[in-house]
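Notes for the structure review
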Amino acid sequence: MKKILPLIWVVSCIALSCNNESKKMLSDDPEVLHHNENNLTDLVIYDIFTPPVAARIYAYTSLAAHEAIRHLDPSEPSIVAKLKNFETMPEPEQNKKYNYTLAASKAFYTVMRNVTFSKDTVTKYEEETYAPFKDALSEEEYNNSIAFGEAVAAVIMKRVASDNYKETRAKEKYYGSKDDGKWTPTSPDYLDGVEPYWNTLKPLILDSTGQFDPGPPPVFSRDTGSEFYKMNKEVYEVGKNLTQDQKNAARFWDDNPFVTEHSGHLMFGTKKQTPGGHWMGIATIACRQTNADLVKTARTYALTGIGLHEGFISCFDAKYRYSFVRPITVINNTIDKNWDAFLQTPPFPEYTSAHSTITASAATILTKIYGDNFVFQDTSDYRYIGMQRHFNSFLNASDECSISRLYGGIHFHISVDRGAECGRKIGAYVFEKITSK
């Protein structure tokens, strides 16, 4: 009996030690947040959300996670408190124990469930994510954490319900105009314009959707000496003489969530990552490469998500304000009726480039968090398209993304340049407004 008692004591200590180690790992490991973001990207691809809608989803879910997990660090301020039209966030009760990683996950998935379609998939993700916490935590701590996550999500969802998104779903479709220089649906499917009322959504932090208006595009002209004709000719010539590396860059940054393929009478679609999802993936790379802790990881995702959201609102305000024609329309009508763009032209007006805007915004924010000359291998799209590319900084990556739209034959040079310029201003504005004391 004397020998058995020490053995029981040793086993009990080992079990207790393992349980404490498991709790510590679940409390300290940012991989939980990376896993959650990865699940969201998979679902966004599966549900085929348009790029602006996807950015909205990334912004709200990431804000939910940050507002819960920031309580790990008493010095970490609320981001939501700096944004527009949010109610006050709940505070944890002093006499209760919480696991803030679990609370952040619950807040994240609760918002995710409410802004996506595939509810069964979200349920599966939640069950897989919560199971280790259920095993490691006491029932009281587990329940407290879940309840706190739900309380945070409830505040986020009130803002979601009032941002005017729902009102844009039932509005009239947009088919552009037959007027010279104006956007009209393009081949191969001649679809109506995507998200023509996106500028009616409430910005999270911008003063207005038109705050960073790029100014009007060049005036339509048939004169071969005009700026308008020359920029169409440039797209045409670049498209005819693409190098292999330019083709690779165009494919890598395409991020078209649904490309249609045609073979005879058959049509099928290829699902891909959105441009916002691509940059949330780059945010993941930055966090992992620097061993960012949980709070910094959550802050990185939230700020990047806001930058994407505001970038799309600003860019789509310009797109439908100016309703500028796509290169393929002009080139087919005036230069070469058989010419086709290297990439499939997205179904919305040309000016300015949304990729250029939102990537410059995200890259500016990530640069302010992690610094200039941040060398990284962009593997964020590898499991979707089997491609990766090397960059010497976030802005190096966003610059390549921007010019790749010219290579793809879907944007004019002036549109990628002005879009990138607006994006850098948006990113700087977002970061300053949120991080200023």
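Residues numbered from 1 in each chain as written. Predicted model: local features only at pLDDT ≥ 70, side-chain atom pairs only at ≥ 80, totals over all residues. Heavy atoms only, no water.

1. Thoughts on the overall build of the chain
In terms of helices and strands, the chain carries 16 helices and 4 strands. A compact globule built from 437 residues would reach a C-alpha radius of gyration of about 22 Å, and the chain, at 24 Å, matches this within 12%. Projected onto its principal axes, the C-alpha coordinates of the chain cover approximately 100 × 45 × 40 Å. Counting the 437 residues in the chain, one finds 56% classified as buried. In the chain, 79% of the contacts between residues at least 6 apart in sequence involve partners at least 24 apart. Accessible surface, the chain as shown: approximately 19,200 Å² in total, 52% of it carbon and sulfur. Averaging the locations of the 48 positively and 54 negatively charged side chains of the chain gives two centres separated by 1 Å. (Helix = DSSP H or I, 4+ residues; strand = E, 2+ residues; numbered from the N terminus. Rg over C-alpha atoms; globule rule 2.2 N^0.38 Å. Buried < 20%, exposed > 50% of the residue type's maximum accessible area, 1.4 Å probe, protein only. Contact = heavy atoms within 4.5 Å. Areas by Shrake-Rupley, 256 points an atom, 1.4 Å probe, with all protein chains shown as cover. Lys, Arg positive; Asp, Glu negative; His and termini not counted. Charge placed at Lys NZ, Arg CZ, Asp CG, Glu CD.)

2. Observations concerning a positive patch on the surface
A contiguous patch of positive charge on the surface is contributed by Lys-82, Lys-84, Lys-433 and Lys-437. Positionally, Lys-82 belongs in the loop between helix H3 (51-69) and helix H4 (100-115). (Patch = residues over 30% accessible without salt bridge, like charges linked within 9 Å, V, L, I, M, F, W, Y side chains within 5 Å. Salt bridge = Lys/Arg side-chain N within 4 Å of Asp/Glu carboxyl O.)

3. A few points about H4
With 16 residues, H4 should reach 22 Å at 1.5 Å per residue; the first-to-last C-alpha distance of 22 Å fits that figure. Where burial is concerned, most of H4 is hidden: 14 out of the 16 residues are buried. By the N-cap criterion, in which a side-chain oxygen at the helix start approaches the backbone nitrogen of a residue two or three places on, H4 is capped by Asn-99, the distance to Thr-101 being 3.1 Å. (Expected span 1.5 Å × (residues − 1). Polar contact = N/O pair within 3.5 Å; in protein donor to acceptor, adjacent residues only side chain to side chain.)

4. Details of the nonpolar core
Most often, soluble globular proteins have nonpolar side chains that are buried together. Leu-63, Leu-83, Ile-156, Trp-279, Ile-306, Tyr-370 and Phe-394 are the most contacted members of the largest nonpolar core, which has 101 residues in total. Apart from the residues within four sequence positions on either side, Ile-306 is in contact with Ala-59, Leu-63, Ile-79, Leu-83, Leu-204, Ile-205, Val-430 and Ile-434. Core analysis: the second largest hydrophobic core is formed by 23 residues, Ala-250, Val-330, Ala-341 and Ile-414 among them. (Core = buried A, V, L, I, M, F, W, Y, C linked by side-chain atoms within 4.5 Å.)

5. Quick word on the side chain of Glu-76
Mapped onto the secondary structure, Glu-76 falls in the loop between H3 and H4. Of note is the side chain of Glu-76, whose polar atom sits 2.8 Å from the side chain of Arg-299. Excluding its chain neighbours within four sequence positions, the residues that come into contact with Glu-76 are His-66, Arg-70, Val-295 and Arg-299.

6. A word on unusual backbone geometry
A cis amide bond links Ser-187 with the next residue in sequence, Pro-188, at an omega value of 5°. As for its position among the elements, Pro-188 is in the loop between helix H7 (165-168) and helix H8 (227-240). The omega torsion across Tyr-351 and Thr-352 is -5°, close enough to zero to call that bond cis. In this structure, Thr-352 sits in the loop between helix H12 (327-334) and helix H13 (354-370). Even without being a glycine, Glu-195 presents a positive backbone phi close to 50°. When you line up the elements, Glu-195 lands in the loop between H7 and H8. Looking at Glu-195, the relative accessible area reads 10%, which means it is buried. Backbone geometry at Asp-255 places phi at a positive 50°, although glycine is not the residue there. Secondary-structure assignment places Asp-255 in the loop between helix H9 (244-252) and strand E1 (258-263).

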